[in-house]
Amino acid sequence: MPEGVITLIIVLAILAYLYMSKMKKYDTMLRIAELGENVDEKVFAILEKERRTYKDDYRYSLIWFAIGVPVAYALWGLSEGSERVLGFPALLLGIAYFVSARLRLRDSDS
């Protein structure tokens with residue numbers, strides 16, 4: 001199986017997992033609302049998503065770099081055609097998260 005297809009499958013699996021986890025959370029909140037009972041604040045604190053911090057963005061950037069560097073290196077060395085560019089989206093996501101973390105850190109200081 002070509003390396004680009006494997007990379008695509010991994011990225012799609014991650015996106016599907018994130019989508020399914022978000023849908024389960026919304027489904028739980030809907031069921032709580034349908035019951036109409038009093039709910040503790042702790043339950044909503046668990047269910048509501050906290051705002052990401054710059055540390056989360058740094059962590060995501062390191063993860064995407066860890067995925068993107070070997071994939072881009074392997075595809076650049078193994079393939080000769082247009083498949084070479086398939087490794088670079090992960091690197092670009094890592095760079096985007098790194099820039100986002102730097103901007104969040106600057107905003108939190110002021």
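Scroll up a little and you will see the structure.
Criteria and cut-off values
- Residues numbered from 1 in each chain as written.
- Predicted model: local features only at pLDDT ≥ 70, side-chain atom pairs only at ≥ 80, totals over all residues.
- Heavy atoms only, no water.
- Helix = DSSP H or I, 4+ residues; strand = E, 2+ residues; numbered from the N terminus.
- Buried < 20%, exposed > 50% of the residue type's maximum accessible area, 1.4 Å probe, protein only.
- Contact = heavy atoms within 4.5 Å.
- Areas by Shrake-Rupley, 256 points an atom, 1.4 Å probe, with all protein chains shown as cover.
- Polar contact = N/O pair within 3.5 Å; in protein donor to acceptor, adjacent residues only side chain to side chain.
- Patch = residues over 30% accessible without salt bridge, like charges linked within 9 Å, V, L, I, M, F, W, Y side chains within 5 Å.
- Salt bridge = Lys/Arg side-chain N within 4 Å of Asp/Glu carboxyl O.

Chemist: Sorry if this is basic, but what is going on with the overall build of the protein here?
Modeler: Looking only at helices and strands, the protein features four helices and zero strands. Along the chain direction, N to C, the helices and strands of the protein fall in the order α-α-α-α. Relative to its 110 residues, the protein shows a buried fraction of 15%. Nonlocal contacts in the protein, meaning residues at least 24 apart in sequence, comprise 57% of its contacts between residues at least 6 apart. Here the protein has roughly 8900 Å² of accessible surface; of this, 64% comes from carbon and sulfur atoms.

Chemist: Explanation requested: the side chain of Asp57 in the structure shown.
Modeler: As for its position among the elements, Asp57 is in helix H3 (residues 54-78). A polar contact is formed between the side chain of Asp57 and the side chain of Ser100, at a distance of 2.9 Å.

Chemist: Honestly, a nonpolar patch on the surface in this entry has me stumped. Any pointers?
Modeler: A cluster of nonpolar side chains, namely Ile6, Leu8, Ile10, Leu12, Ile14, Leu15, Tyr17 and Leu18, defines an oily patch on the protein surface of about 780 Å² accessible area. Note that Ile10 resides in helix H1 (residues 3-35). Residue classification places Ile10 among the partly exposed positions, given a relative accessible area of 43%.

Chemist: It is not clear to me how the pattern of salt bridges should be interpreted in this structure. Could you clarify?
Modeler: Should their charged atoms come close, side chains of opposite charge can pair. Using the criterion set out here, one finds two salt bridges in the structure. With a closest N to O distance of 3.2 Å, Arg31 and Asp27 form a salt bridge. Here the residue Arg31 and the residue Asp27 both occupy positions in helix H1, the gap between them amounting to four residues, near one helical turn. Of the residues examined, Arg31 reaches a relative accessible area of 53% and is grouped as exposed.

These figures come from the coordinates and say nothing about function on their own.
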